[in-house]
Amino acid sequence: QVQLVESGGGLVQPGGSLQLSCAASGTIFAINEMAWYRQVSGKQRELVAGSTGGGSRNYADSAKGRFTISRDNAKNTVYLQMNSLKPEDTAVYYCYFTVQNVRFGNFYAFWGQGTQVTVSS
């Protein structure tokens, strides 16, 4: 019905930068929330950055000042620009959308497949 495809993960040295992308395809009328979460093995998935269709943005304290979330609504795509990366940013990063398939329909949550980000020298 709706698929989210992520790209941009990889290995980067401490202090480096990466940009993640997540594009949605399928039956989409509107998207409200676009967000990025991350998860370390054995720990709970945590919110990194989020945005709403109304234009608000929010960030985890660990991401403030270093990460920037942006979205291209025409392309159904969300980005996460990550600068000044630290080893503790190492995790699998997941995108999360809430999607309305038809006008006046409910919004449903969808997750990307996850992309590994490793920060190491």
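Residues numbered from 1 in each chain as written. Predicted model: local features only at pLDDT ≥ 70, side-chain atom pairs only at ≥ 80, totals over all residues. Heavy atoms only, no water.

**Overview of the state of the cysteines**
Alright, step 1. With the rule as written, the count across this model stands at one disulfide.
Alright, step 2. A disulfide bridge connects C22 with C95, and the sulfur atoms are separated by 2.0 Å. Across the disulfide from C22 to C95, rotation about the S-S bond amounts to roughly 45°, and the bridge is consequently right-handed. Separated by 73 residues along the polypeptide, C22 in strand β3 (residues 18-26) and C95 in strand β9 (residues 91-100) bring together distant segments of the chain. (Disulfide = S-S within 2.5 Å. Helix = DSSP H or I, 4+ residues; strand = E, 2+ residues; numbered from the N terminus.)

**A few points about the pattern of salt bridges**
Alright, step 1. Applying the stated criterion to the full structure yields four salt bridges.
Alright, step 2. Between D89 and R66 there is a salt bridge, and its shortest N-O distance comes to 2.7 Å. With a gap of 23 residues between them, D89 in the loop between β8 (77-82) and β9 and R66 in the loop between β6 (57-59) and β7 (67-72) connect regions that are remote in the sequence.
Alright, step 3. Each of R38, E46, R66 and D89 takes part in one network of salt bridges that share partners. (Salt bridge = Lys/Arg side-chain N within 4 Å of Asp/Glu carboxyl O.)

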